[in-house]
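Structure assessment
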Amino acid sequence: MDTRGKRTIRVLLAKSDQDAHDRGLRYIAGVLRDAGMEVILMRYRICEEVVSVARQENVDVVGMSFYGSGYRYDVPAVSMSLKEHNLTAKFIIGGTIPREDWPMLTEMGVEGIFVPGMKTEEIVECIRQVRA
Amino acid sequence: MELVRKMLGGDADALSQLIGAVEDDLINISEIMSKIHQNTGHGYYIGITGPPGAGKSTLIDKLTTVMREEGHSVGIVMVDPSSHITGGALLGDRVRMQKHYLDEGVFMRSMGTRGGVGGLSRKARAVVRLLDAFKKDFILVETTGVGQVETDICDISDTNILVLVPNAGDVIQAMKAGIMETADIFVINKTDLGNADNLAVDLSLALEQQKRRDNWIPPIIDVQASNSLRVQQVYEAIQLHRKFLDEGLFLQHRRRKGVEDFKKLVREELLDRFVTVLKNNQKFKTNLDRVERGEIDPYSACAEILNSVETWEALRNSFSNK
Amino acid sequence: MFDKETIEKNRSMEENQRKQMTDIEQTVKARTIGGIDLKSSYTPADIDGMSYEDISVPGQYPFTRGYRPLQYQTQPWVMRHGRGFGTGANTRERGDFLESLGGAYHVGDSPKEKPFAFTLLLDLPSQCGYDPDAPEARGRVGECGVSISNMWDLEELFEGKKIENTEVIFITPDASLPFVAQYVAYAEKHGIPANKLHLKSCNLFYHQWYWDSAAFPPEYAMRQGPELIKYLYENVPLAELQSLTGYNPGEAGASPAQELAFTIATGVAIVEECAKVGLKPDDILPRFYAHDHISMDIFETVAKFRAKRRMFAKIMKEKFGCKNQQALILRNYPQTGGSFLTAREPENNIIRATLMTLAAVLAGVDGIWTASYDEALNIPSEPAVKLAIRTHQIIYHESGVPAVTDPLGGSYYIEWLTNRMEEEANKLLQEIDKRGGYMKCWSDGWFRRVLSEEARKTHDAINSCERVVVGENTYVLDETIPNATFRVDPGVEKKAIDRVRKFREQRDSEMTEKALRKVRDAAVKIRDEWPHSCGVLMPALIEAFNSKATIGETHNALKEVWGYGYSW
């Protein structure tokens, strides 16, 4: 397939070292790849690594996955850091994120929250809009 | 232009955006390459190839640690295959190299092969040069598999490392792919799984039988990359090879590589253009039909296209229009 | 198994049955969740080829029908509901609440000694060996488990409890050795010698072949097995030595046959590694146990557990020539599969958990952990966990199911399906051998790929609604995800950080440093002088905790020496 001249969407999918269950993230990675995107997978010890990688890989989307815990600190930290470095990547998150926190997270700059039970097509659509 | 200037000044974000622009064809590659040409030549390029599961990423991770401890900066390009159908790719090699994410002396970039005509794309080769201009001391390029991709890598790297695992029938594969002639160092990884000796013996025998243009004798080093065992030796072998090249041949060797790249680029660009032209060429489409219906044989059909003045006009026009 | 006449009669009956079916009905094919093709109904012909000895009776080799003649007639299965969040006090209170509901928490067969099963859930930083004040722990302290990093935390957790009457289990992928060592040090400090402690080791050092989280390199990770087993075998006679988990592979995507095969392969590999350090299968196997997965397919689950009992007994006997009958018995404490629970219409999960629990009861397992209905939203609230306990109590007391051991035994379908499970699992075991053995499949990532592929098939099926999940992808009334039913107080993180810092301030740092150096030295010996060096690490760890080291500090020592991350 000749991709010259077509801007391929690059997506960074990140998960903490401590978060064990990753089958959801792997599935999403496959779905995005099948939708023609380049998916970079990473695990991080501390969330500063996410922005460092996002910078080097020049990604269009930064996606973080949380099962159980961690978003309380990581999301605001990453969101702020993305702004500090003038990165225009779309910031989305997924996993077990309690509903009451969605407004607060959206306020922080999260542009999409995807929890289990939602259709994968929604995620693809949301990401495709970076090229719209 | 601005991005290039910033990148040459050491701005990693500019480098990242530049690479993106090159990948997405937003920018004229030759213009960039000419602007940075004088800044290249400092970095040492190392290609790392081998079948999937051989542990290349782990080896690169540990090698990078050794290089950093020696005070060198490192650039890493990891290439994974893009799907021919969807164009997408899963770029997962980074996971092994987590230790270096926050180290500013290490710049890592994951790339898909993104179609392109033949093996390691000219874009990947351009990215390697960008890392060189960015003043990385060592530039490591990792690709997976056996075949066209690997021989491409050999044409740009100074030292080529082939990583194999025991029990995987790799020697036969590697011989078929012609890789034996171009690997400068052989690494047998995952020796904890046994049978490394058999593979080493097979390799030595195979090496004895083949000819190299230079007199370098590729060392065979067994390691357990995951436990960092003997990775230092791989680094030392790289240094030895570098010394070997330096003693007389290095500049020649570099220039030869530039020549190979140049020849390849001409071929690739020409082929690319030609294919684009043909897609819109009426005679081509007609002959495609005729071949399909059995009206004409493929050879004559081809000769008709190439002998037609129309075809060459169209090709020339495509260059002047660009 | 049946005489010729019966089989003949049966054949003609099946012929007539086929004629009863319409053309369309004849083509209908159902499948188990794990992908096994099924007939519309089963008859003696389907199990005729097998030998009756393979079915046997409950309590006799190969234990297909159960490990004891009487399964639940005299005592129920153990209720293994986990608890843990916030601080030790929070967790202890939740434990008291659970106890107040009544029920079977007591383990063991002895009528006198019945320690209380204390299934502890640690928060992520603790599980991965990070103290609450480490940068890695930010935002995660006390969130989905209790934070334990130092001796004071243990003191708060067990305040008022007689630990000699408690069977503690620390569930942690990589930090089992430090946690056990700390517990032993803690107990000794309070006058309870190690040989009086009830402990269930949950050393999941092999987790990286089913999860993608960071781990020690496979070769060194494997050594943690014999190191802990040896210590417990020699010093803690009331401890269970090793957990073989099928739950986590199941949650990672494994089909029942894959779960069966890979957990048995794990058991075999561990026993082989233990043999290198002089531990005999007959001695250690009796104290191994399983923590398996329960799926929504009731009969497939029953068949899986029965097949597991039979396979484990046969394989251990064959491979290791075990003479001790107890060595062929692998007690099972499975857990209802969390991945089947939904966030939408969480009440539906009550039904799901009930069905899964029933499946395990029908299979005759030794203990069960039933999920709470709100687990897809948050850690269990009190009402939810109460229902989970009631599920056990109602099934046990009101359903009549426990009156007979292996009630489904002899069903043509169940016996056929049990055989099929064994067949599929054996194929996979052969595949592992063909690919170079357990360690190779682990470090090559083959297990991971198999599980990923299976998980992908499941997700595809759910995404396309081919697999129906009521209220979630079918019969959806309301797209909204409900609000959480339980939140952990975020102030917990600060409390834990303050405490661990105070703990460090009040100790003799030089002594601690010295002890940590010894831990590092021991880790180096494990790395470089295995298997002769087996046995040096646990004593060094215990001494470190006696010298007031924290979990994070000891785990860091191991990380530094062995490396930690993603090495394959």
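What counts and what doesn't
- Residues numbered from 1 in each chain as written.
- Chains lettered and ligands numbered in written order.
- Predicted model: local features only at pLDDT ≥ 70, side-chain atom pairs only at ≥ 80, totals over all residues.
- Helix = DSSP H or I, 4+ residues; strand = E, 2+ residues; numbered from the N terminus.
- Rg over C-alpha atoms; globule rule 2.2 N^0.38 Å.
- Buried ≥ 20, exposed ≤ 12 C-beta atoms within 10 Å, placed from the backbone.
- Contact = placed C-beta atoms within 7 Å.
- Pairing = 2+ DSSP bridges.
- Axes fitted to C-alpha atoms, helices over the stretch in contact; angles between N-to-C directions.
- Core = buried A, V, L, I, M, F, W, Y, C linked by C-beta atoms within 7 Å.
- Nonpolar A, V, L, I, M, F, W, Y, C, P; charged D, E, K, R; others polar.
- Domains from an automatic or database assignment.

What to know about the overall build of chain A
Assigned secondary structure in chain A consists of 5 helices and 5 strands. Along the chain direction, N to C, the helices and strands of chain A fall in the order β-α-β-α-β-α-β-α-β-α. The globule rule puts the C-alpha radius of gyration for 132 residues at 14 Å, and the 14 Å found for chain A is close to it. By its C-alpha atoms, chain A is 40 × 35 × 25 Å across when sized along the principal axes. Taken over 132 residues, chain A has a buried fraction of 61%. Restricting to contacts in chain A with at least 6 residues of sequence separation, those with at least 24 account for 69%.

Things to note about the sheet that holds strand 4 (residues 116–120) of chain C
Residues and elements named next belong to chain C. One open sheet holds the 4 strands; their spatial order is 4-5-6-7, and the pairing between them is parallel. In this open sheet, the two edge strands, each paired with only one partner strand, are strand 4 and strand 7 (239–240). Direction of pairing for strand 5 (residues 166–170) relative to strand 6 (residues 198–200): parallel, over a ladder of 3 bridges. Across the sheet, residue Glu167 finds its bridge partner in strand 6, namely His198. Sitting on the sheet, helix 6 (residues 176–189) is in contact with strand 5 and strand 6, with an inclination near 150° to strand 5.

Here we look at the nonpolar core
By size, the foremost hydrophobic cluster in this structure holds 271 residues, and its most contacted members are A:Val11, A:Leu12, A:Val39, A:Val50, A:Val62, B:Val127 and C:Leu541. It is helix 9 (residues 256–276) of chain C that provides the largest number of residues to this core, a total of 10 residues. Residues contacting A:Val62, with those up to four places away along its chain left out, are A:Leu12, A:Val50, A:Ala54, A:Leu82, A:Ala89 and A:Phe91.

Considering the sheet that holds strand 3 (residues 89–91) of chain B
The strands that make up a sheet are held in pairs by hydrogen bonds between backbone atoms, and each pair lies either parallel or antiparallel. The 6 strands are arranged 5(A)-4(A)-3(A)-1(A)-2(A)-3(B) in an open sheet whose pairing can be described as parallel. In the strand order of this sheet, the two ends are held by strand 5 (113–114) of chain A together with strand 3 of chain B, each with one partner. By the bridge criterion, 7 bridges tie strand 1 (residues 10–16) of chain A to strand 2 (residues 38–44) of chain A in an arrangement that is parallel. In the strand pairing of strand 2 of chain A, A:Leu13 is matched with A:Leu41.

Some details on the interface of chain C and chain B
Between chain C and chain B, the contact holds 14 residues from the first and 13 residues from the second. Contributions of two or more residues to the side of chain C that touches chain B are made by helix 7 (218–235) and helix 15 (438–444) of chain C. In terms of residue count, the dominant contributor to the side of chain C that touches chain B is helix 15 of chain C (4 residues). Looking at the side of chain C that touches chain B residue by residue, the class counts come to 5 nonpolar, 6 polar and 3 charged.

Quick word on the pairing of strand 6 (residues 159–164) of chain B
Residue and element names in this part refer to chain B. Of all 6 residues that make up strand 6, 6 are buried, and the element is covered over most of its length. As defined by bridge partners, strand 1 (residues 44–49) adjoins strand 6 across 4 bridges and the pair is classed as parallel. Directly across from Gly47, in strand 6, lies its bridge partner Asn160.

Quick notes on the domain arrangement of chain C
Residues and elements named next belong to chain C. Looking at the assigned domains, one finds that chain C contains domain 1 (201–463) and domain 2 (499–562). Averaged C-alpha coordinates put domain 1 and domain 2 at centres separated by 32 Å. With 11 residues of domain 1 in contact, the opposing surface of domain 2 contributes 9 residues. Counting residues per element, the side of domain 1 that touches domain 2 draws most heavily on helix 7, which supplies 7 residues.

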